[in-house]
Amino acid sequence: MKLLIAIVQDEDVHMLIDDLMEHEFRVTKLASTGGFLKAGNTTLLLGVDDHKIDGVLDIIRENCSSRKTTTTLLNVSMPGDAYVPLPMEVQIGGATVFILEIEKFIKI
């Protein structure tokens, strides 16, 4: 058995959880924040049998598309200068998945 830790963007998580549950995967949802844009993320925990790992990864790929968006960053070039917002295109979405070996699984 493996523990999958999937970190996905908030706007992708609802469809992903629905799809996982539809395929009878149990999932625990944790709110998290991080990354370059400090945007809301969700961390999902899934206990998955070894032979079902590829199926879960396929579901994650189908629901967590990577896309580009434009944001602004504040730039200070010299002391005393005004803050100038600089538009910047960044890639968002997708998923980061960690797969860990589980020594023991107990359901009470």
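Now for a quick tour of the structure. Counting from 1, residues in each chain are numbered in the order their sequence is written. Only residues with pLDDT of at least 70 are given local features in this predicted model, and only at 80 or more are side-chain atom pairs given and counted; all residues enter the totals for whole chains, interfaces and linings. Heavy atoms throughout the structure, all of them, feed into the side-chain values; hydrogens and water do not.

For the purposes of this entry, the term helix denotes a DSSP run of H or I that reaches at least four residues, the term strand denotes a run of E that reaches at least two, and both are numbered from the N terminus. A count of helical and extended segments in the protein chain gives two helices and six strands. From first element to last, N terminus to C terminus, the protein chain shows the α and β order β-α-β-β-α-β-β-β. Here the protein chain, with 108 residues, has 28% of them falling under the buried criterion. To measure how exposed things are, a 1.4 Å probe is used in the Shrake-Rupley method; for residues, cover is taken only from the protein chains shown. Counting only carbon and sulfur atoms, one obtains 55% of the accessible surface of the protein chain, whose full area is about 7,700 Å². Whether a residue is buried, partly exposed or exposed follows from its accessible area with a 1.4 Å probe, protein chains only, as a fraction of its type maximum: under 20%, in between, or over 50%, in that order.

Once that is clear, we can look at the side chain of Lys2. Considering the arrangement of structural elements, one finds Lys2 in strand β1 (residues 2-9). Residue classification places Lys2 among the buried positions, given a relative accessible area of 18%. Those residues in contact with Lys2, other than ones at most four positions away along the chain, are Leu46, Gly47, Val48, Asp50, Ile53, Ile99, Leu100, Glu101 and Ile102. Should any heavy atoms of two residues lie within 4.5 Å, those residues are counted as being in contact.

Let's shift gears to helix α1 (residues 10-22). Note: α-helices contain 3.6 residues per turn, so residues at a spacing of three or four share the same orientation. How far a helix is expected to stretch is found by multiplying one less than its residue total by 1.5 Å. Over its 13 residues, α1 runs 19 Å from end to end, which matches the ideal 18 Å to within 8%, given 1.5 Å per residue. The set of residues buried in α1 consists of Asp12, Val13, Leu16, Ile17, Asp19 and Leu20. Positioned one or two residues after α1, Glu24 has a phi angle of 65°, which is positive.

All axes are obtained by fitting lines to C-alpha atoms, using only the stretch in contact for helices, and the reported angles, taken between N-to-C directions, cover 0 to 180 degrees. For the pair α1 and helix α2 (residues 53-63), the least separation of the axes is 9 Å and the interaxial angle reads 145°. By crossing handedness, the relation of α1 to α2 is classed as right-handed. Where α1 approaches α2, its residues Asp12, Met15, Leu16, Asp19 and Leu20 are matched on the opposing element by Val56, Ile59, Ile60, Glu62 and Asn63. Basically, the charged four are Asp, Glu, Lys and Arg, the nonpolar ten are Ala, Val, Leu, Ile, Met, Phe, Trp, Tyr, Cys and Pro, and anything else, Gly included, counts as polar. Considered class by class, the residues forming the contact of α1 with α2 number six nonpolar, one polar and three charged. Rotating anticlockwise by less than a right angle from the far helix to the near helix defines a left-handed crossing, while the corresponding clockwise rotation defines a right-handed one.

The next subject is the side chain of Asp19. Looking at the secondary structure, you find Asp19 in helix α1. For the purposes of these results, a polar contact is taken to be a pair of N or O atoms within 3.5 Å, where, inside protein, one atom must be able to donate a hydrogen and its partner to accept one; residues adjacent in sequence count only when each atom of the pair is a side-chain atom. Within the local environment of Asp19, its side chain forms a polar contact with the side chain of Asn63, the two groups lying 2.9 Å apart. Setting aside residues up to four positions removed in sequence, Asp19 forms contacts with Ile59, Glu62 and Asn63.

Now for the environment of Ile59. Relative to the assigned elements, Ile59 resides in helix α2. Expressed as a C-alpha distance, the spacing of Ile59 and Leu20, which sit 39 residues apart in the sequence, is 7.0 Å. The residues touching Ile59, leaving out its near neighbours within four places in the chain, are Leu16, Asp19, Leu20, His23 and Phe25.

On to the nonpolar core, then. Counting residues in hydrophobic clusters, the biggest one holds 18 residues, and the most contacted among them are Leu16, Leu20, Leu44, Leu46 and Val56. Put simply, the parts of the chain that give this core at least two residues each are β1, α1, β3 (39-48) and α2. For Leu16, the residues in contact, after removing those within four places along its chain, are Val8, Leu44, Ile59, Ile60, Asn63 and Cys64. Buried Ala, Val, Leu, Ile, Met, Phe, Trp, Tyr and Cys residues form a nonpolar core when they are joined through side-chain atoms within 4.5 Å.

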